[in-house]
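A look at the structure
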Amino acid sequence: MQFAKRHILDMASLSADEIAFILDTAETMREISERPIKKVPTLRGKTIVLFFYEPSTRTRTSFDIAAKRLSADSISISASSSSIVKGETLIDTARNLEAMKPDVIVIRHSSSGAPHMLADMVNTSIINAGDGMHAHPSQALLDLMTVRRRKGNLDGLRIAIVGDITHSRVARSNIIGFTKMGAHVALAGPPTMIPKGIESFGASVTYNVDDAVRDADVIMMLRIQKERQKSFLFSTEREYAKEYGLTKQRLEKSKPDVLIMHPGPVNRGVEISPEVADSSFSIILDQVTNGVALRMALFYLLSGGARNADDN
Ligand code: CP
């Protein structure tokens, strides 16, 4: 297959075939991280800028490691250490970065649509590493990869996504990704944290977490994003944990081969209890491991790797 995309902006603009091709490519990358010397020369001479306007542990480190494992040069910039603090706009910043001829810019931004705007205004490939409440496509792709590795395929699976759906770009990207690949997504959480009309994304909604957990092959728990909430949407963390958190007691009512996921960062004892997060059902750290391979695949494909392979 020819991979013709120039940017990775959201899951809506990827077809099911393109998603499957990215996951297949990521599978071939995974083994590189198991080698004693975890580096191949594939992207030698390529330059990747990691531009993060919001905090990140997993995504930024994972993109950085992915670039280095493929021998690309990666440069990491945060808003606080850039000339943004002197008043430079996003677009001026991007144009100045582009003038230094990077091959890919990875951007995380608090404003929904910021990566799309950059993709329209610069000639460099853009990867969206999370924009506001809108999209986090590399997270959804690594989540799809992780479930596909464990379950064999995605078609027909029941995925429960539980928690603060309203503020979650991970939820939106995963709803689109899983439904495109034939899975059914059920959303659960407090009514104050599930946006009206979300069913139009192809998911069902319940306010009863026990219902969602009982039927699920995969349960994805989400953090309450207090930093994006403009008003109090729940009473206390203790009450939230009781009503909506994934506890050992709740997990006992689920399928015996259920998988537990979380994109991180985890608030232990709030949306998920420590014993569930660390249980044998949890694949949270698999998600992180697969994130490196998945992001290696994105760099490879955007740099023309599939086209070059077809030419050989
Ligand atoms: N999953 C995720 O986006 O984590 P970080 O915010 O640490 O990158």
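Presented here is a report on the structure given in the accompanying data block. (Residues numbered from 1 in each chain as written. Predicted model: local features only at pLDDT ≥ 70, side-chain atom pairs only at ≥ 80, totals over all residues. Heavy atoms only, no water.)

This part is about the site of the ligand. In the region of the ligand, the neighbouring residues are Ser-56, Thr-57, Arg-58, Thr-59, Arg-108, His-136, Gln-139, Pro-263 and Gly-264. Interatomic distance of 2.6 Å between a side-chain N/O atom of Thr-59 and an oxygen atom of the ligand. With the chains in place, 91% of the 260 Å² that the ligand exposes on its own is no longer accessible. Taken together, the residues of the shell around the ligand break down into one nonpolar, six polar and two charged. Taken domain by domain, the makeup of the shell around the ligand includes at least three residues from each of domain 1 (16-135 + 290-311) and domain 2 (137-287). (Near = heavy atom within 4 Å. Polar contact = N/O pair within 3.5 Å; in protein donor to acceptor, adjacent residues only side chain to side chain. Areas by Shrake-Rupley, 256 points an atom, 1.4 Å probe, with all protein chains shown as cover. Nonpolar A, V, L, I, M, F, W, Y, C, P; charged D, E, K, R; others polar. Domains from an automatic or database assignment.)

Here we take up the sheet that holds strand β1 (residues 47-52). Taking strand neighbours across the sheet as the criterion, the four strands line up as β2-β1-β3-β4 in an open arrangement whose pairing is parallel. Across the chains shown, the open sheet's two edge strands, defined by having one partner strand only, are β2 (73-78) and β4 (125-131). With strand direction ignored, the average angle separating the axes of adjacent strands in the sheet is 15 degrees. Bridge count between β1 and β2: six bridges; the pairing is parallel. Bridged to Phe-52 within β2 is Ser-78. (Pairing = 2+ DSSP bridges. Helix = DSSP H or I, 4+ residues; strand = E, 2+ residues; numbered from the N terminus. Axes fitted to C-alpha atoms, helices over the stretch in contact; angles between N-to-C directions.)

Here we come to helix α2 (residues 58-69). Owing to its 3.6 residues per turn, the α-helix brings residues three or four apart onto one side. With 12 residues, α2 extends 16 Å from end C-alpha to end C-alpha; this agrees with the ideal 16 Å at 1.5 Å per step. Listed in full, the buried residues belonging to α2 are Thr-59, Ser-62, Phe-63, Ala-66, Ala-67 and Arg-69. Angularly, the buried residues of α2 cover 165 degrees about the axis, an arc narrow enough to put them on a single face. On the buried face of α2, the contacting elements are β1, β2, β3 (104-109), β4, α5 (137-151) and α11 (284-302). (Expected span 1.5 Å × (residues − 1). Buried < 20%, exposed > 50% of the residue type's maximum accessible area, 1.4 Å probe, protein only. Arc of directions from axis to C-beta. Contact = heavy atoms within 4.5 Å.)

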